[in-house]
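This is what each chain is made of:
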Amino acid sequence: MPILNVKISGPRRSDIVSQVSAMLLEHTSAVLGKKREVTAITFQFIDPQDWIIAGRPLSEQGLASFYLDIKVTDETNTKDEKARYLKAVFEGFGRLLGPVHDESYIYVEDVRAASYGYGGTTQEYRYQHPA
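As a starting point, this report considers the structure included with it.

**Describing the pattern of salt bridges**
Moving on, step 1. According to the stated counting rule, one finds seven salt bridges in the structure shown.
Moving on, step 2. A salt bridge links Arg56 to Glu60, with the nearest nitrogen and oxygen atoms 3.7 Å apart.
Moving on, step 3. Among the residues examined, Glu60 registers a relative accessible area of 52% and is labelled exposed.
Moving on, step 4. For Lys82, the salt bridge is made with Asp110, and the minimal N-O distance between the two is 2.7 Å.

So, in structure tokens, the structure goes:
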């Protein structure tokens, strides 16, 4: 599992949802080693007039932007893995959205195993009781 929450500047486009989902699943699986079958992704699209960077809306800057928040179980990824992930995902968004503002953020949040889970079971429980 992880859960990925994505915000993208611009109108909702089903092709972008599909392409970004595929890109994120690939990098989340290949770089961070997370299982695709328990990875969830949510999307929110923000009007570029309502996305302000350095006091100016994106609509005036001619750039796209995104924000990705991914929650992973603490101590399951190294600093190097996270650094490779940030680089790959930033480049992936650039390929899919066109030029993106440098102030597009990716937050890999390490969440305590006893405080995080799915299906009503914590990751700590899964670790202590492998299937």
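**Here's the deal with helix α3 (residues 79-97)**
Moving on, step 1. In this model, α3 (19 residues) spans 27 Å end to end at C-alpha, consistent with the 27 Å of a helix rising 1.5 Å per residue.
Moving on, step 2. When we look at burial in α3, the residues that qualify are Lys82, Tyr85, Ala88, Val89, Gly92 and Phe93. Burial along α3 is one-sided: seen end-on, the buried residues are contained in an arc of 135°. Away from its buried face, by an angle of more than 90 degrees, α3 presents the exposed residues Lys79, Asp80, Lys87 and Arg95.
Moving on, step 3. In this structure, the buried residues of α3 make contact with β1 (3-9), α1 (14-30), β5 (66-73) and β6 (105-111).
Moving on, step 4. Positive backbone phi, approximately 90°, marks Gly98, located one or two places after α3.

**Focus: the pairing of β6**
Moving on, step 1. Both β5 and β6 contribute to a ladder of seven bridges, which runs parallel. Bridging from a neighbouring strand, Lys71 pairs with Glu109 of β6.
Moving on, step 2. In this view, the connection linking β5 to its parallel neighbour β6 by way of α3 has right-handed handedness.

Calculation notes
For every chain, the first residue of its written sequence is number 1, and the numbers climb from 1 along that sequence. Where totals are concerned, whole chains, interfaces and linings use all residues; where local detail is concerned, this predicted model gives features only for residues with pLDDT of at least 70, and gives and counts side-chain atom pairs only at 80 or more. Only hydrogens and water are removed before side-chain values are computed, so all heavy atoms of the structure are retained for them. Each salt bridge in this description consists of a side-chain nitrogen of Lys or Arg and a carboxyl oxygen of Asp or Glu lying within 4 Å of one another. Summary of the burial criterion: residues with accessible area below 20% of their type's maximum are buried, those above 50% are exposed, and those between are partly exposed, where the area comes from a 1.4 Å probe applied to protein chains only. What counts as a helix is a DSSP run of H or I of at least four residues, what counts as a strand is a run of E of at least two, and both are numbered from the N terminus. Here the expected span of a helix is defined as 1.5 Å times the quantity of residues minus one. Working note: the arc is built from the helix axis to C-beta atom directions. A contact between two residues is defined here by any heavy atoms of the two lying within 4.5 Å. Pairing between strands is defined by DSSP: at least two bridges between the two strands are required. With its strands directed away from the observer, a crossover is right-handed exactly when the path from the first strand over the helix to the second travels clockwise.

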